[in-house]
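Residues per chain, in single letters:
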Amino acid sequence: MVHHSGSIQSFKQQKGMHTSISEILKEKSLKPSRRSLPCLAQSQTHPINLNHFLSVPLSPEPKPEVKVLSQSISTSCSLLPPQTAEDGKDHYVEESEATTCETRADESFLLQKPVTRAKLEARTDSLQGKNRAGSSGLFFRDGKKRIDYILVYKKSSPQVEKRCTFEKNLRAEGLMLEKEPSLTNNDIMFVKIHAPWDTLCKYAEQMNIRMPFRKKCYFTDWKSKTLGSRFHLRCRQIKSWLPRNPMKLDKEALPDLEETDCYTAPFSRARMHHFTINNRETFFSNSTRSRIVHHVLQRTKYEDGKSKMGINRLLGNNTYEAAFPPHEGGYKSRHPIKTHGAQNHRHLLYERWARWGIWYKYQPLDLIRRYFGEKIGLYFAWLGWYTGMLIPAALVGVFVFLYGLFTMDSSQVSKEICEANTTIMCPMCEDTCEPWTLSDSCVYAKVTHLFDNGGTVFFAIFMAIWATVFLEFWKRRRAELTYDWDLIDWEEEEEELRPQFEAKYSRVERVNPISGKPEPFQPFSDKLSRLMVSVSGIFFMISLVLTAVFAVVVFRLIAMEKFASLNWYFVKKNWQFATSGTGVCINFMIIMSLNVVYEKVAYLLTNLEHPRTESEWENSFALKMFLFQFVNLNSSTFYIAFFLGRFAGRPGKYNKLFNRWRLEECHPSGCLIDLCLQMGVIMFFKQIWNNFMELGYPLLQNWWSRRKMKKGGGAGQNVDNKAQLPQWDKDWNLQPMNAHGLVDEYLEMVLQFGFTTIFVAAFPLAPLLALLNNIIEIRLDAYKFVTQWRRPMPARATDIGIWHGILEGIGVLAVITNAFVIAITSDYIPRFVYAFKYGPCVDKGHHHEDECLRGYMNSSLSVFESNNSLHRYCRYRDYRAPPWSSVPYEFTLQFWHVLAARLAFIIVFEHLVFGIKSFIAYLIPDMPKDLCDRMRREKYLMQEMMYEAELEHLQKERKKNGRRYHHEWP
């Protein structure tokens, strides 16, 4: 709300306003005058060197920056009437309501005399002239109108009529356009778009964009300030003695993150006097301006007909080549940022976020959100939270691995396998293979003990609880971010229909039960039929995945026979490693090949469904991509974990595939090492491939673009100095953000989360690999967003969408799979049954674990009578009766004991872990209590502020017109 110095003085005299903030905080009650105090100093959220982004200072000489160290500092601002300008045919209104504020450590408001219009205009012109030279590509040719969006088209494009109609309609909507040819390619033309003040206000009201209107006054913590002052003072003293956290960013490094905290409300032109408009050029941030222009571009027609609208369709039919908001300048500077400050927000993000030298620092989430929008800000907030939570999981996993490493040589099972020089094992194939001794697999048994030891069960329970704690505390963190970023009420206010949905179902309308307005409606029969087609496509692709897994299984069976009968001694001795390793590599290549097909199929199926909103489209596409890639990535892992060696049969009666290839068996020490090898290889190579595709591929593309640019792009032009290019030319030569937004980024991390939790019992080093990858991933993504990609459209979001539900589903699946891995895949249960039922410690009470497992390997191997003249009897892994028994080759009683123990362990493990998870989820509320109290308090304050602001405005209007006015509501 606009106040002049005189009105502020009279207002203080009438209301008896306190003269310092410290006096305000002393009182518990809240007077109306304090709630109507305007947010006089608008947040200076821009770098120091970009003065054209800031409010225009009115003082004749620059003043040094003053750090406020006292609570009793107040400001007073003088506002000047608006200015208007006219440029050619485009008429726009430019109001520079600037403020002059002085601060000092005194307990009184200081009133500044307003500066004359002539001085203001001279000051503004000189300031814009200085910045115009250093900000090439950010304004129109007049140096005043800011570029909010860029459209790119080719002069040789035949879609001239559509483009002309579209641009004409954009001007009719209130946007200003200016064309500029490219300096690197004669065929490229840029259309610069500027949104004037009136247009911004119009669409900000339509889109219910929340804007600041009052400064926040925190009164909910008055108890802690009075009752707990000594406690907080002691805590601050103890904290000051501790060494500084090296992961935190210096406040001096991010000076523009300190902004005034204001209450916000949906913008309304009828109540514009409520809002704190110190400068019309900075009232709407750059991201908000771009979002408004994007909203107009999405809903502007280019031909007659309801379906002929939107920039997306024009990009699809090659009318335009690209559409993007411009970056705020270069990301590098000749001068160090510590001495000369940041040139722009992009430069600041690069120095304090995207550089590799600050990999250990926290992320500047507020700055990320301000530059790229809340949606991208939430992604990096979630990624940082996930990475931080991986630290305890990685430490515990390393401890479990080290426990297996230190006990590897002393393990009783490994000793028995390594010392079994006389134990003859049955041949792996019937024709060309020969019997082999159990001691040949000594190394295999020791490596298995690294992952299959006593700490496996504990780590599986720990990771199940860790997944729950991670998700519950992320809910609290998300609640704090949505409050700080003013997203609490955004979802209900701003969810918009997709233009494709409006165009498709414009003939059928119904009244929206929330807004009460008619809107396009998709009939249930149409929605059901499209959904059935989509589900059929999903099942077809999943069946294709299973077919690929079956092909890998056949390859493993063929490779097993070839390696076991090979004349090369090294391969013949380690045929199991060779079979598993080659099978994993073949499987990885198939996985990466099918991922390309899945993305296109998911895109087609999602567009076929015609989702109602952008969030519904993204959620549907994300769910399909997750289902495709999850099945593709984990189907072979599920086969190795739960099917490998379960149906192989026994010597003399082996089960064969197509009556040709014998089914694969597990090693005498278990199948867990095969599962571990599968997970380790796929996780390692997939992370390397993803990092290359995220950074290496854009770097190569941008290098090729710069190479063509140096040659003039085939147009005969030669640009020697890239720094001389305007910003739109530089951005055009960058790579666009992928068409699916953040789906690929989230998908990569969610699949990694599945690998980290679902089969973590088989691979305790998975959290460590994930942690190392994510530390690199954060800086890779930051570098990519800041330097290699065009600036994406700053979108808003309140959460991470459907991914949170997927993460919860993975957490539930992880409990079930880890229970089955421990009970079925590993040898934990057979060893447990032997130690307490059949081992030497049964009648002697409790002894050392290794002593109780003495003779375990001999107990787990059965005897087969072969036709070999050298070795009449051979051993194989199973619990079957010997050939001289009355019931030869039938399952023994120990087999049924082990089976019963496995089923009992699965039931007990699942119920125990699910109970702990539910209890922890109940104990941790989704929103902190102090945040709930603050939100309720602010809701109450906002209602009274709006009432008093409207009352004061009407009183001023009546006083100006000479009418009598009263203090009650008119």
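This text goes with the structure placed above it.
Not measured: the values here are computed from a predicted model. (Residues numbered from 1 in each chain as written. Predicted model: local features only at pLDDT ≥ 70, side-chain atom pairs only at ≥ 80, totals over all residues. Heavy atoms only, no water.)

(A) Quick look at the side chain of Asn773. Along the chain, the position of Asn773 falls in helix 28 (residues 766-788). Sequence-distant contacts of Asn773, defined by excluding residues within four places in its chain, comprise Gln687, Asn691, Glu748, Met749 and Gln752. (Helix = DSSP H or I, 4+ residues; strand = E, 2+ residues; numbered from the N terminus. Contact = heavy atoms within 4.5 Å.)

(B) Up close: the environment of Val743. Along the chain, the position of Val743 falls in helix 27 (residues 743-757). A relative accessible area of 0% means that Val743 is categorised as buried. In this structure, Val743 is in contact with Glu618, Phe621, Ala622 and Trp803, ignoring residues within four places of it in sequence. (Buried < 20%, exposed > 50% of the residue type's maximum accessible area, 1.4 Å probe, protein only.)

(C) Structural detail: the sheet that holds strand 4 (residues 176-181). With antiparallel pairing, four strands are arranged side by side in an open sheet as 4-5-3-8. Edge positions in the open sheet fall to strand 4 and strand 8 (322-324), since each of these has one partner strand only. Taking each pair of neighbouring strands and ignoring which way they run, the sheet shows an average axis angle of 20 degrees. Across six bridges, the pairing between strand 3 (residues 149-154) and strand 5 (residues 188-194) is antiparallel. Within strand 5, the residue paired with Tyr149 across the bridge is Ile193. Helix 5 (residues 160-172) contacts strand 3, strand 4 and strand 5 of the sheet and is inclined by roughly 160 degrees relative to strand 3. (Pairing = 2+ DSSP bridges. Axes fitted to C-alpha atoms, helices over the stretch in contact; angles between N-to-C directions.)

(D) Spotlight on a nonpolar patch on the surface. Judged by side-chain polarity, Phe891, Leu893, Trp896, Leu899 and Leu903 come together as a nonpolar surface patch covering roughly 490 Å² of accessible area. Residue position: Phe891 is located in the loop between strand 18 (873-877) and helix 33 (893-923). (Patch = residues over 30% accessible without salt bridge, like charges linked within 9 Å, V, L, I, M, F, W, Y side chains within 5 Å. Areas by Shrake-Rupley, 256 points an atom, 1.4 Å probe, with all protein chains shown as cover. Salt bridge = Lys/Arg side-chain N within 4 Å of Asp/Glu carboxyl O.)

(E) Fine view of the packing of aromatic side chains. As enumerated under the stated definition, the model contains 52 aromatic pairs in all. Centre to centre, the rings of Phe684 and Phe685 are 5.5 Å apart; their planes meet at 80 degrees, and the pair counts as edge-to-face. Ring centres of Phe895 and Trp896 lie 5.0 Å apart, and the angle between their planes is 80 degrees; on these two criteria the pair is classed as edge-to-face. A relative accessible area of 46% places Trp896 in the partly exposed class. Taking NZ or CZ as reference, Arg163 lies 3.8 Å from the ring centre of Tyr153, over its face. Just above the ring of Tyr371 sits the side chain of Arg791; from NZ or CZ to the centre is 3.9 Å. (Phe/Tyr/Trp six-rings, centres within 6.5 Å; stacked < 30°, edge-to-face > 60°. Lys NZ or Arg CZ within 6 Å of the ring centre and 35° of its normal.)

(F) Layout of the side chain of Arg346. Position of Arg346 relative to the elements: it lies in helix 13 (residues 345-354). Buried within the structure, Arg346 lacks any salt-bridge partner; Asp731 is the closest side chain of opposite charge, at an N-O distance of 4.5 Å. A polar side-chain atom of Arg346 sits 2.9 Å from the main-chain carbonyl oxygen of Gly329. Of the polar contacts made by the side chain of Arg346, one reaches the backbone oxygen of Val786; its length is 2.8 Å. Beyond its immediate sequence surroundings of up to four residues, Arg346 is in contact with His327, Gly329, Gly330, Tyr331, Tyr371, Gln727, Asp731, Leu734, Val786 and Thr787. (Lys, Arg positive; Asp, Glu negative; His and termini not counted. Polar contact = N/O pair within 3.5 Å; in protein donor to acceptor, adjacent residues only side chain to side chain.)

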